[in-house]
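Each chain is listed here by its residues.
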Amino acid sequence: MDINFFNDYMKILLKSGYRDADLFKDKFIPNRLYKYFPPDHNRLEALISNKLWLAQYDTFEDKHEFSFLQINKNYFENHESLHNINFSTASQWLDSNKHLVSISCFTTSFQNSDFWKKYAANYTGYCVEYQVVRKQLLYPVIYTDKNIDISEYACNFIAKIYDTILKEKELEAEWNRPVNLIPDEDIDNISFIYFNYCAKEPDWSWENEFRIVFSNEHPQTEPGQLVSYECLGIKPINIYFYPQKCNPDVIPMLKQIRNDNFSSISLE
């Protein structure tokens with residue numbers, strides 16, 4: 001997708017809310033997606049146990065792709081804000097969100113020779129086909145060399161949360177019990193921030209990439225985590241490999257998969 005897709009998404013988000021915006025996004029999510037793997041026993045065991053490894057953004061080689069959404073220092077120098085929210089506070093908020101998600105990458109074909117070479121260890125690995133059961137967690141990668149300034153939105157959002165937290169503290173002191181006044185819609189309205197983890201330079205558009213962005217309750221301290229397919233809204237249905245090139249150590253596990261709930265398919 002290009003920057004026009006994101007602009008259309010944001011127009012719907014600001015006009016009609018996140019539910020309509022996500023319905024628009026989901027129309028562009030394929031019903032089938034593919035992921036390439038090296039010949040790694042741990043990943044095959046995860047596949048057999050219906051789990052997928054999702055990575056933290058720190059493990060990605062190119063950190064520049066996680067700077068699609070930006071905070072502009074000049075905005076805070078030229079605008080007054082409630083609670084004295086400044087550039088540092090807004091930047092920390094944006095950065096902290098990066099550690100609250102886990103990510104996995106997919107594409108739209110099992111016949112991409114570049115992917116077989118790069119991600120399946122020069123054809124010695126395999127490729128899994130997934131049926132997309134629920135599209136909510138999937139986002140198309142935006143291929144652009146532009147950045148989006150979210151300074152005003154970030155400032156207003158943080159101020160709103162501050163106001164809510166202050167009100168919560170007042171009521172907790174009065175009622176002597178925990179109070180949560182932050183509506184789900186306020187949290188879900190920032191789902192557009194997930195596009196910060198789904199943007200790359202235009203030179204990568206040939207990958208036709210889609211990503212799962214999985215929200216965690218707490219900041220990640222590990223490189224990643226295993227998450228069940230049920231939680232991710234995807235289901236493995238086929239596994240593809242080249243028997244003459246595939247690492248012989250993983251072929252027995254591929255044969256085991258053939259006897260389970262989905263098929264392994266030889267490409268030669």
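Residues numbered from 1 in each chain as written. Predicted model: local features only at pLDDT ≥ 70, side-chain atom pairs only at ≥ 80, totals over all residues. Heavy atoms only, no water.

1. Quick notes on the overall build of the protein
Right, on to step 1. Helices and strands together make up the secondary structure of the protein, namely 10 helices and 13 strands.
Right, on to step 2. Expressed as a percentage of its 268 residues, the buried residues of the protein come to 46%.
Right, on to step 3. The long-range share in the protein, meaning contacts at least 24 apart out of those at least 6 apart in sequence, stands at 84%.
Right, on to step 4. Carbon and sulfur atoms make up 47% of the accessible area of the protein, which totals about 14,500 Å². (Helix = DSSP H or I, 4+ residues; strand = E, 2+ residues; numbered from the N terminus. Buried < 20%, exposed > 50% of the residue type's maximum accessible area, 1.4 Å probe, protein only. Contact = heavy atoms within 4.5 Å. Areas by Shrake-Rupley, 256 points an atom, 1.4 Å probe, with all protein chains shown as cover.)

2. So, the environment of L52
Right, on to step 1. Examined against the element boundaries, L52 turns out to sit in strand 2 (residues 51-55).
Right, on to step 2. Overall, the relative accessible area of 3% leaves L52 in the buried class.
Right, on to step 3. Spatially, the C-alpha atoms of L52 and I234 are 9.9 Å apart, while their sequence positions differ by 182 residues.

3. Considering the environment of V227
Right, on to step 1. When you line up the elements, V227 lands in strand 11 (residues 224-228).
Right, on to step 2. For V227, a relative accessible area of 6% translates into the label buried.
Right, on to step 3. With 175 residues separating them in the primary sequence, V227 and L52 have C-alpha atoms 5.4 Å apart.
Right, on to step 4. With residues up to four places along the chain from it excluded, the contact list for V227 reads N50, K51, L52, L54, F214 and L232.

4. Re the pairing of strand 10 (residues 210-215)
Right, on to step 1. With five of six residues buried, strand 10 is to be regarded as a mostly interior element.
Right, on to step 2. Summarising the sheet, strand 4 (residues 101-106) and strand 10 pair through six bridges and their orientation is antiparallel. The partner of V101 across the bridge, within strand 10, is S215.
Right, on to step 3. Pairing of strand 6 (residues 138-140) with strand 10, which is carried by three bridges, proceeds in the antiparallel orientation. Note that in strand 10 the partner of L138 across the bridge is I212. (Pairing = 2+ DSSP bridges.)

5. Notes on unusual backbone geometry
Right, on to step 1. Phi at N122 takes a positive value of approximately 55°, unusual for a residue other than glycine.
Right, on to step 2. Along the chain, N122 falls in the loop between helix 6 (113-118) and strand 5 (126-132).
Right, on to step 3. According to the relative accessible area criterion, N122 is partly exposed, its value standing at 48%.
Right, on to step 4. The backbone of Y123 sits at a positive phi, close to 75°, despite the residue not being glycine.
Right, on to step 5. Positionally, Y123 belongs in the loop between helix 6 and strand 5.

6. Comments concerning the layout of surface pockets
Right, on to step 1. Considering only enclosed or pocket space, the largest pocket measures out at about 870 Å³ in volume.
Right, on to step 2. Listed by contribution, the elements that provide at least two residues to the lining of the largest pocket are strand 1 (32-37), strand 2, strand 4 and helix 6.
Right, on to step 3. The class makeup of the residues in the lining of the largest pocket is 15 nonpolar, three polar and 10 charged. (1 Å grid on protein atoms, 1.4 Å probe; cavity = no way out; pocket = protein on both sides within 12 Å on 5 of 7 lines; lining within 4 Å. Points joined across faces, edges and corners; volume = space filled by probe spheres on them. Nonpolar A, V, L, I, M, F, W, Y, C, P; charged D, E, K, R; others polar.)

7. Overview of the nonpolar core
Right, on to step 1. The biggest cluster of nonpolar side chains holds 43 residues, and the ones touching the most others in it are F6, Y9, W93, F192 and F195.
Right, on to step 2. Those elements giving two or more residues to this core turn out to be helix 1 (3-16), helix 2 (18-26), helix 4 (73-78), helix 5 (87-98), strand 4, strand 7 (142-143) and helix 7 (151-175).
Right, on to step 3. Discounting chain neighbours no more than four positions away, the residues touching W93 are I150, A154, F157, I158 and I193.
Right, on to step 4. Formed by 28 residues, the second largest nonpolar core is a distinct cluster that contains L52, F106, V128 and F214. (Core = buried A, V, L, I, M, F, W, Y, C linked by side-chain atoms within 4.5 Å.)

8. Concerning the confidence of the model for the protein
Right, on to step 1. Scored by pLDDT, the protein comes out at a mean of 83, with 84% of its residues at no less than 70.
Right, on to step 2. The secondary-structure element of the protein with the lowest mean pLDDT is helix 8 (residues 184-188), recorded at 51, while strand 1 shows the highest, at 96. (pLDDT = per-residue confidence, 0-100.)

9. Topic: helix 3 (residues 41-48)
Residues spaced three or four apart along an α-helix point in a common direction, a consequence of the helix completing one turn every 3.6 residues.
Right, on to step 1. Those residues of helix 3 that sit buried are L44, A46 and L47. Projected down its long axis, helix 3 shows its buried positions confined to an angular sector of 155°, all on one face.
Right, on to step 2. N-cap assignment for helix 3: the residue whose side-chain oxygen lies 3.1 Å from the backbone N of N42 is D40. (Arc of directions from axis to C-beta. Polar contact = N/O pair within 3.5 Å; in protein donor to acceptor, adjacent residues only side chain to side chain.)

10. Remarks on the side chain of T107
Right, on to step 1. Relative to the helices and strands, T107 resides in the loop between strand 4 and helix 6.
Right, on to step 2. A distance of 3.5 Å separates the side chain of T107 from the backbone oxygen of N208, its partner in a polar contact.

11. Some thoughts on the packing of helix 1 against helix 2
Right, on to step 1. The N-to-C vectors of helix 1 and helix 2 enclose an angle of 155°; their axes lie 7 Å apart at closest approach. Classified by the angle between their axes, helix 1 and helix 2 sit roughly antiparallel to one another. Crossing handedness for the pair helix 1 and helix 2: right-handed. Listed contacts from helix 2 to F5, D8, Y9, I12, L13 and S16 of helix 1 are Y18, D20, A21, D22, F24 and K25. (Axes fitted to C-alpha atoms, helices over the stretch in contact; angles between N-to-C directions. Parallel < 35°, antiparallel > 145°, perpendicular 65-115°, else oblique. Left-handed = near helix turned anticlockwise from the far one by under 90°.)

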